[in-house]
Amino acid sequence: MSFKVIHYINQFFAQIGGEEMAHVAPEIRDGVVGPGAALNAEWKGEAEIVKTVVCGDSYFAEHEKEAKETILGWVKAEKPDFFIAGPAFNAGRYGYACATIAKAVQEELGIKVLTGMYEENPGADLRNYIYIVPTANNAAGMKKAAPVMAKLALKLMKDEPVGASIEDGYMNRGIRVNFFEEERGAKRAVDMMIAKLEDKPFVTEYPMPSFDRVAPNPAIKDLSKATIALCTSGGIVPKGNPDHIESSSASHYGEYNIAGVKDLTAETFETAHGGYDPVYANQDADRVLPIDIMREFEAQGVIGKLHDFYYATVGNGTSVANAKKFAAEYSQKLKAAGVDAVIMTST
Amino acid sequence: MVKEIERAGIPVVHVCTVTPISMTVGANRIVPAIAIPHPLGNPALTLEEEKDIRRKLLKKAFRALTTEIEDQTIFE
């Protein structure tokens, strides 16, 4: 008898369509669809995908409660032995959906789950709750991810003991397991120190947790005297994208002068973002970067001034390191220009 | 990016649709938006009605920027 598995994928991997179809509501199909074939092949009949749930990424993000309820209902009725989602690579909404639905299936239905994604995917934030296999940041990584995911999934289905995260290839879940080391602590510490002094590789036994939180700045006292700047990760650029900001994995940001611009129109501005359906932003970019209404509030004296420049990049698969670098740089420009507050819009 | 702006000493409000992601990345002042492809608009409405949406959302953003907070806060 083989284990029954339900697989969760998005509209893209089900070949329904790209961003223009990201709004589709969940559906359940018999058997395997798309990337599930690679998992089935690895399992060699020991486990099999019996149903595939397909859900649009935007639908899940915008209707999380409804999507969860519908999908949990289907999974409950099917009584699978296992639930597997993705892998999502570096697709942010997809990764978030995979991790969120897997966590819900595990917690509410008591069914074992697994997903996979790139380490920087926001969905990976749930790594302490569920098993997540780290993958490459794009779908070319499927070949490498499938065997690791399939193997760990089978181990979980068979109730076999799971090894440490580095042994079985999942993201560290913050769980410590006691075991006996062969060498005493003092010797291990000295060995590590010598390795460090000699610039040789060593692995810490206790990585320090990184809490990278920044405390909120004090509020603006008098809005009517404040200069406010707009920034966006939604890729709004002057028509023609003069700085050639990439539609995904952006390598830079743009600085654009909007002095005197009262309204963004289809003739003057557009989006460079390749991670959402661009139709609405291209029709009227104020839907992402609200310059028209900021000008209105400026004229009424609600705010002191809309800053003459806005900063934009494409937040689509863009690495955290790059995003940090962009903002650290343009924040200094904003500060030097005397900007009092920023409104950042994201798609 | 919001975190780096905050780190530079400038108060910042994040207007976005998927607020849990905003919480994860560490934004402090958050205003929920309309939808992913049109956070501050709704193509199903008239242009005038859309402007109303933007007025309301930006007023929320102003409220967020003028409110003292100690922790991550979503301004509904």
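Predicted model only: the values in this text are computed from it and were never measured. (Residues numbered from 1 in each chain as written. Chains lettered and ligands numbered in written order. Predicted model: local features only at pLDDT ≥ 70, side-chain atom pairs only at ≥ 80, totals over all residues. Heavy atoms only, no water.)

**Comments concerning the domain arrangement of chain A**
Many descriptions give the size of an interface as the accessible area lost when the pieces come together. Residue and element names in this part refer to chain A. Heads up, the rule is: For the domains described, the bounds stem from an automatic or database domain assignment. Here, two residues are considered to be in contact whenever any of their heavy atoms come within 4.5 Å of each other. What counts as buried area is the accessible surface, traced by a 1.4 Å probe, that two parts surrender upon association, with contributions from both included. Any carboxyl oxygen of Asp or Glu within 4 Å of a side-chain nitrogen of Lys or Arg constitutes a salt bridge here. In protein, a polar contact requires one atom able to donate a hydrogen and another able to accept it; more generally it is a pair of N or O atoms within 3.5 Å, and residues adjacent in sequence count only if both atoms are side-chain atoms.
On domain assignment, one finds that chain A holds domain 1 (3-168) and domain 2 (223-345). For domain 1 and domain 2, the distance between their C-alpha centroids amounts to 35 Å. Opposite the five residues of domain 1 that make contact, domain 2 presents seven residues. Between domain 1 and domain 2, the buried area comes to about 450 Å², and carbon and sulfur atoms account for 45% of it. Per-residue buried area on domain 1 facing domain 2 is highest for Glu19, Asn90 and Glu120; these three make up 79% of the total on that side. One can count zero salt bridges joining domain 1 with domain 2. If you look at where domain 1 meets domain 2, you find three residue pairs in polar contact (both at pLDDT 80 or more).

**Concerning the nonpolar core**
All names here are of chain A. Under the convention used in this document: Residues belong to a common nonpolar core when they are buried Ala, Val, Leu, Ile, Met, Phe, Trp, Tyr or Cys residues joined through side-chain atoms within 4.5 Å. Exposure is judged per residue with a 1.4 Å probe applied to protein chains only, and the accessible area is read against the type maximum: over 50% gives exposed, under 20% gives buried, and values in between give partly exposed. In DSSP terms, a helix is any run of H or I states spanning at least four residues, a strand is any run of E spanning at least two, and both are numbered starting from the N terminus.
Ranked by internal contacts, the top residues of the largest apolar core, which has 86 residues, are Tyr8, Phe83, Ile236 and Ile343. Per-element accounting of this core gives the leading share, nine residues, to helix α4 (residues 92-109). Taken domain by domain, the makeup of this core includes at least three residues from each of domain 1 (3-168) and domain 2 (223-345). Sequence-distant contacts of Ile236, that is, excluding residues within four places in its chain, are made with Tyr256, Leu264, Phe269, Glu270, Thr271, Tyr276, Ala281, Ala285, Val288, Leu289, Tyr310 and Ala312.

**A word on the pattern of salt bridges**
Tallying each qualifying case throughout the model produces 25 salt bridges over all chains. A salt bridge links A:Glu183 to A:Lys187, with the nearest nitrogen and oxygen atoms 3.4 Å apart. Notably, a salt bridge pairs A:Glu198 with A:Lys200, separated by 3.0 Å at the nearest N-O pair. Residue A:Glu198 is classed as partly exposed on the basis of its relative accessible area, which comes to 46%. Judged by its relative accessible area of 48%, A:Lys200 is partly exposed. If you follow the salt bridges from partner to partner, you end up with A:Glu296, B:Glu48, B:Asp52 and B:Arg55 in one network.

**Things to note about the packing of helix α9 (residues 291-300) of chain A against helix α3 (residues 47-65) of chain B**
In a packed pair of helices, the relevant descriptors are the angle between the two axes and the axis-to-axis distance. Rules: Only the contacting stretch of a helix is used when fitting its axis, a line to C-alpha atoms as for every element, and angles between N-to-C directions run 0 to 180 degrees. It is the rotation of the near helix from the far one that decides the hand of a crossing: anticlockwise by less than a right angle makes it left-handed, clockwise makes it right-handed.
Contact geometry of α9(A) with α3(B) gives a least axis separation of 9 Å together with a crossing angle of 65°. Here the hand of the crossing between α9(A) and α3(B) comes out right-handed. Every residue of α3(B) that contacts α9(A) at A:Asp292, A:Ile293, A:Met294, A:Glu296 and A:Phe297 is listed here: B:Lys51, B:Arg54, B:Arg55, B:Leu58, B:Lys59 and B:Phe62.

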